[in-house]
Amino acid sequence: YGNFIDDLRLYVKGGTGGMGYPRLGGEGGRGGDVWFVARERTTLNSIRDKYPQKRFVAGTGANSTVKALKGEKGKDCEVHVPLGISVLCDDGKQIGELNAAGERFLAARGGLGGSLATNFVPCKGQRRIVHLDLKLIADVGLVGFPNAGKSSLLSKISHAKPEIANYAFTTIQPELGKIMYADYKQISVADLPGLIEGAHANKGMGHKFLKHVERTKQLLLVVDIAGFQLSIKTQFRTAFETILLLTKELELYKEELLTKPALLAINKIDLPCAKDNLNELMKQLQNPQDFLHLLEEEMIPANTLEFKDVIPISTYTGEGIEELKACIRKSIDEEAEQENEEYRKKKLLLLQTSE
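Reading the values: rules and limits
Residues numbered from 1 in each chain as written. Predicted model: local features only at pLDDT ≥ 70, side-chain atom pairs only at ≥ 80, totals over all residues. Heavy atoms only, no water. Salt bridge = Lys/Arg side-chain N within 4 Å of Asp/Glu carboxyl O. Buried < 20%, exposed > 50% of the residue type's maximum accessible area, 1.4 Å probe, protein only. Helix = DSSP H or I, 4+ residues; strand = E, 2+ residues; numbered from the N terminus. Phe/Tyr/Trp six-rings, centres within 6.5 Å; stacked < 30°, edge-to-face > 60°. Contact = heavy atoms within 4.5 Å. Pairing = 2+ DSSP bridges.

A few words now on the pattern of salt bridges. Side-chain pairs of opposite charge can arise where the charged atoms are in close proximity. Summed over all chains, the structure comprises 18 salt bridges. Between Lys 73 and Asp 76 there is a salt bridge; the shortest N-O distance is 2.7 Å. Taking the relative accessible area as the measure of exposure, Asp 76 reaches 31% and is therefore partly exposed. The closest approach of N and O atoms between Arg 344 and Glu 341, which form a salt bridge, is 2.8 Å.

As structure tokens, this is what we get:
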């Protein structure tokens with residue numbers, strides 16, 4: 001999976017409390033806490049490189065003395081983590097998440113200091129093993145089968161330089177790029193490893209890929225107009241079948257993914273067969289119900305994706321790229337406007353009910 005890591009296992013332990021002072025009723029200081037703090041420009045790789053032991057232990061509380069009956073609290077331990085982190089217990093249960101810079105999560109609480117309640121004996125801090133699970137946060141996630149031209153598209157619309165070759169599975173780790181517009185607006189795009197049939201069942205890089213789609217605001221499906229065949233052993237799929245299969249994989253992994261706004265980019269429009277294939281595909285997309293018989297029953301999705309725009313492009317000649325960038329911008333702006341509108345309505349409703 002390259003050098004990129006999106007899951008890290010850590011040991012965290014809160015500090016032990018300080019000793020109490022029985023003769024004068026003195027109270028020991030509380031142990032320090034372990035906090036995860038979301039920071040930009042941090043990666044799980046940097047945590048692993050900086051702390052190869054992957055152990056984080058907070059400071060011990062100060063003992064109670066004649067000079068200071070109330071002991072001082074132990075030193076907190078802060079771990080800087082990237083945005084888009086889910087914190088999981090060792091049993092896989094989610095206990096928290098950090099999505100915005102500055103957000104904090106208490107990973108392990110320090111123990112109480114010795115006092116009358118504890119017979120002046122200090123308590124040990126909480127200790128546990130946690131998993132940091134990273135899901136990339138991007139405005140747009142590129143979804144498509146291997147070799148559909150996602151990496152080429154990312155290099156055309158942004159400054160990212162992913163590896164590009166004419167064989168399937170060039171991309172084995174997510175790549176992030178930013179589309180820059182003339183008015184300095186930036187939209188982040190994530191090129192994610194190619195899906196294959198059966199990805200929802202964790203075939204190929206199934207879950208490693210699909211979990212990153214969850215955090216993207218919109219989907220951009222990239223489909224090869226000439227169709228797709230992974231290997232000699234697998235069946236050939238037309239562009240229309242490819243769209244249905246991608247939809248099916250997303251649906252089987254998590255149905256909510258289909259509620260995201262989606263755009264469709266039809267790539268390799270410069271090929272000789274493209275014009276006829278495109279006319280055929282447009283007909284099929286207008287009435288998908290009439291063509292579902294082309295696929296086996298278990299591969300037909302329960303709900304079809306509604307595309308805001310369908311844009312024919314060629315990453316080879318550059319045709320349609322500017323139009324695609326404009327469509328992405330329009331779609332993101334519309335979504336932001338809608339969110340603002342909903343937020344304003346909520347605020348207004350709160351004001352009305354409080355009055």
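Text resumes after the structure shown.
As a further point, take the environment of Asn 119. With respect to the helices and strands, the residue Asn 119 is situated in the loop between strand S7 (104-108) and strand S8 (127-134). Each C-alpha atom of the pair Asn 119 and Pro 22 lies 7.9 Å from the other, and the pair is 97 residues apart in sequence.

With that settled, the discussion passes to the packing of aromatic side chains. In the structure shown here, the tally under the stated rule is two aromatic pairs. Taking 6.4 Å as the distance between ring centres and 25° as the angle between the ring planes, the aromatic pair formed by Phe 36 and Phe 105 counts as stacked. Taken as a pair, Phe 36 in strand S2 (residues 34-38) and Phe 105 in strand S7 lie far apart in primary sequence, 69 residues in all. Per residue, the accessibility class of Phe 36 equals that of Phe 105, and both read buried. Measuring from ring centre to ring centre gives 4.9 Å for Tyr 51 and Phe 56, while their planes differ by 70°; the resulting arrangement is edge-to-face.

So, about the side chain of Lys 248. Along the chain, the position of Lys 248 falls in helix H4 (residues 239-253). Of the residues examined, Lys 248 reaches a relative accessible area of 14% and is grouped as buried. With residues up to four places along the chain from it excluded, the contact list for Lys 248 reads Glu 298, Met 299, Ile 300 and Pro 301.

The next thing to look at is unusual backbone geometry. At Arg 41, a position not held by glycine, the phi torsion is positive, near 60°. Residue Arg 41 is classed as exposed on the basis of its relative accessible area, which comes to 85%.

A few words on the environment of Leu 176. Along the chain, Leu 176 falls in strand S10 (residues 175-180). You can call Leu 176 partly exposed: its relative accessible area is 45%. Separated by 18 residues in sequence, Leu 176 and Ser 158 have C-alpha atoms that sit 9.2 Å apart.

Now for the pairing of strand S4 (residues 77-81). Burial along S4 is one-sided: the residues Cys 77, Val 79 and Val 81 are buried and none of Glu 78 and His 80 is. One ladder, built from five bridges, connects S2 with S4; its direction is parallel. Following the sheet pairing, Ala 38 is matched in S4 by Val 81.

Along strand S12 (residues 218-224), seven of the seven residues are buried, which leaves the element largely enclosed by surrounding structure. Here S12 shows a buried face lined by Gln 218, Leu 220, Val 222 and Asp 224 and a second buried face lined by Leu 219, Leu 221 and Val 223. Note that strand S9 (residues 140-143) and S12 share four bridges and pair parallel. The residue bridging Val 140 from the neighbouring strand is Gln 218, located in S12. Note: S12 against strand S13 (residues 262-267), six bridges, orientation parallel.

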